[in-house]
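# Summary of structural features
Residue-level listing of the chains:
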Amino acid sequence: MPARTQTKVRRLPRVQRREQILAAATTAFARTGFASTSLDDIAAEAGVTKVILYRHFESKTDLYQAVLDRFCGLLSTHVAEPVGGFTGASIDGLMAAAAAEPAGFRLLFHHAAREPEFQAQADQFREEITNIAYLQIQAMVPDQRWARWAAQLTPVVAIEAITAWLDAGGPDPADAADRVRQAIGGVIGAAAQKSADRLPLPADWGGNRDDDRGSDG
């Protein structure tokens, strides 16, 4: 009977091996989620044994947290100010981080909030960026009720716009950030507008009905 052959795992420096595992775990978790991804799946993705995984991480939860921390670190290198700040530089940085690590972006901004073990952390992160957005938007929107509305909505718009851009294959990267800023500006502009200043909507949307009152019908 022929002897069983085993694929030999190439030895790497500890820091390099940890990064390899984190990159593989990011891909695996983004593909199937926390609960459905096993350490065997991650080991296979990384091309290592589960024994090697345990040399670096105590558990799957520990590894998932490290994956989130890794992307947050990447985000901080691209965004010099808090994520909720909607300056030109912050949107550029958010786009750059998403382009560099799409799976990490999805994990932090979408998947983590659906995982019971990490939902509280994700909710706190979302609350923080909403509060940061409000500090900026309240200076542009006189009615503070609408300022709060816009502050809750603009981070969602930014994150969903970038996610949709990733889903579309990352088209026109040179001007993609400008398009995201336009979407954010639309929310802030809507919050700042008085009723008389509302933009015209398509007729079948049912908006701007006051404009039709003087028509002959």
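Preceding this paragraph is the structure being described.
Residues numbered from 1 in each chain as written. Predicted model: local features only at pLDDT ≥ 70, side-chain atom pairs only at ≥ 80, totals over all residues. Heavy atoms only, no water.

## Remarks on the nonpolar core
In this structure, Phe71, Leu75, Met95, Phe105, Phe109, Ile137 and Ile162 are the most contacted members of the largest nonpolar core, which totals 32 residues. If you list the elements that add at least two residues to this core, you get helix 4 (60–78), helix 5 (88–100), helix 6 (102–111), helix 7 (119–137), helix 8 (144–167) and helix 9 (173–192). If you look at the next biggest cluster of nonpolar residues, it comprises 26 residues, including Ile21, Ala43, Leu68 and Leu107. (Core = buried A, V, L, I, M, F, W, Y, C linked by side-chain atoms within 4.5 Å. Buried < 20%, exposed > 50% of the residue type's maximum accessible area, 1.4 Å probe, protein only. Helix = DSSP H or I, 4+ residues; strand = E, 2+ residues; numbered from the N terminus.)

## Quick word on the environment of leucine 53
As for its placement among the helices and strands, leucine 53 is situated in helix 3 (residues 50–56). In this structure the C-alpha to C-alpha distance between leucine 53 and arginine 18, which are 35 residues apart in sequence, comes to 8.6 Å. Those residues in contact with leucine 53 that sit more than four places away from it in its chain are Ile21, Leu39, Ile42, Ala43 and Val48. (Contact = heavy atoms within 4.5 Å.)

## Some details on the side chain of threonine 26
Relative to the assigned elements, threonine 26 resides in helix 1 (residues 14–36). Residue class for threonine 26 comes out buried when judged on its relative accessible area of 1%.

## Some details on the pattern of salt bridges
Taken as a whole, this structure holds ten salt bridges when the rule is applied. Across the pair arginine 70 and glutamate 19 runs a salt bridge whose closest N-O atoms are separated by 2.6 Å. One end of the pair, arginine 70, is in helix 4; the other, glutamate 19, is in helix 1, and 51 residues separate them in sequence. The partly exposed category is assigned to arginine 70, whose relative accessible area is 21%. (Salt bridge = Lys/Arg side-chain N within 4 Å of Asp/Glu carboxyl O.)

## Notes on the side chain of histidine 56
Structurally, histidine 56 is set in helix 3. With a relative accessible area of 14%, histidine 56 lands in the buried category. Look past the residues within four positions of histidine 56 in its chain and what remains in contact with it is Arg14, Arg17, Arg18 and Ile21.

## Describing a nonpolar patch on the surface
Together, Trp146, Trp149, Leu153 and Val156 give the surface a local cluster of nonpolar side chains, amounting to about 330 Å² of exposed area. Looking at the secondary structure, you find valine 156 in helix 8. (Patch = residues over 30% accessible without salt bridge, like charges linked within 9 Å, V, L, I, M, F, W, Y side chains within 5 Å. Areas by Shrake-Rupley, 256 points an atom, 1.4 Å probe, with all protein chains shown as cover.)

## Structural notes on helix 1
The end-to-end C-alpha distance of helix 1 is 27 Å, clearly below the 33 Å that 23 residues give at a rise of 1.5 Å each. The largest bend along helix 1 measures about 80° and falls at alanine 30. What helix 1 keeps buried is the set Arg17, Ile21, Leu22, Ala24, Ala25, Thr26, Ala28, Phe29, Ala30, Gly33 and Phe34. (Expected span 1.5 Å × (residues − 1). Bend = angle between axes of the 7 residues up to and from the residue.)

## As for unusual backbone geometry
At aspartate 172, a position not held by glycine, the phi torsion is positive, near 45°. Taking the relative accessible area as the measure of exposure, aspartate 172 reaches 47% and is therefore partly exposed.

## Concerning the packing of helix 7 against helix 8
Where helix 7 contacts helix 8, the two axes come as close as 8 Å, and the packing angle between them is 125°. It follows that helix 7 is oblique to helix 8 by the angle criterion. Viewed along their axes, helix 7 and helix 8 form a crossing whose handedness is right-handed. Here helix 7 contributes Arg126, Ile129, Thr130, Asn131, Ala133, Tyr134 and Ile137 to the contact with helix 8, which in turn contributes Gln144, Ala147, Arg148, Ala150, Ala151, Gln152, Thr154, Pro155, Val156 and Ile159. (Axes fitted to C-alpha atoms, helices over the stretch in contact; angles between N-to-C directions. Parallel < 35°, antiparallel > 145°, perpendicular 65-115°, else oblique. Left-handed = near helix turned anticlockwise from the far one by under 90°.)

## Description of the packing of helix 1 against helix 6
It is at 9 Å that the axes of helix 1 and helix 6 come closest, and there the two elements cross at 50°. Relative to helix 6, helix 1 is oriented oblique. Considering the relative orientation of helix 1 and helix 6, their crossing is left-handed. Within the contact between the two elements, helix 1 uses Thr26, Thr27, Phe29 and Ala30 and helix 6 uses Ala103, Gly104, Leu107 and His111. Taken together, the residues that form the contact of helix 1 with helix 6 break down as four nonpolar, four polar and no charged. (Nonpolar A, V, L, I, M, F, W, Y, C, P; charged D, E, K, R; others polar.)

## Considering the packing of aromatic side chains
Any pair of aromatic rings gets described here by the distance separating the centres and the angle formed by the planes. If you walk through the whole model with that rule in mind, you get nine aromatic pairs. Ring centres of phenylalanine 29 and tyrosine 64 lie 4.8 Å apart, and the angle between their planes is 70°; on these two criteria the pair is classed as edge-to-face. One end of the pair, phenylalanine 29, is in helix 1; the other, tyrosine 64, is in helix 4, and 35 residues separate them in sequence. For the residue pair phenylalanine 29 and tyrosine 64, the accessibility class agrees, reading buried in each case. Between tryptophan 146 and tryptophan 149, the aromatic rings sit 5.0 Å apart at their centres with planes inclined by 85°, giving edge-to-face as the arrangement. In this pair, tryptophan 146 and tryptophan 149 both sit in helix 8, three residues apart, roughly one turn of the helix. The class for tryptophan 149 is partly exposed, based on a relative accessible area of 35%. Members of the aromatic cluster, each reached through a chain of ring pairs, are Phe29, Phe34, Tyr64 and Phe118. Over the ring of phenylalanine 34 we find lysine 60, and its NZ or CZ is 4.6 Å from the ring centre. Its guanidinium or amino end placed over the ring of tyrosine 134, arginine 148 lies 3.9 Å from that ring's centre, counting from NZ or CZ. (Phe/Tyr/Trp six-rings, centres within 6.5 Å; stacked < 30°, edge-to-face > 60°. Lys NZ or Arg CZ within 6 Å of the ring centre and 35° of its normal.)

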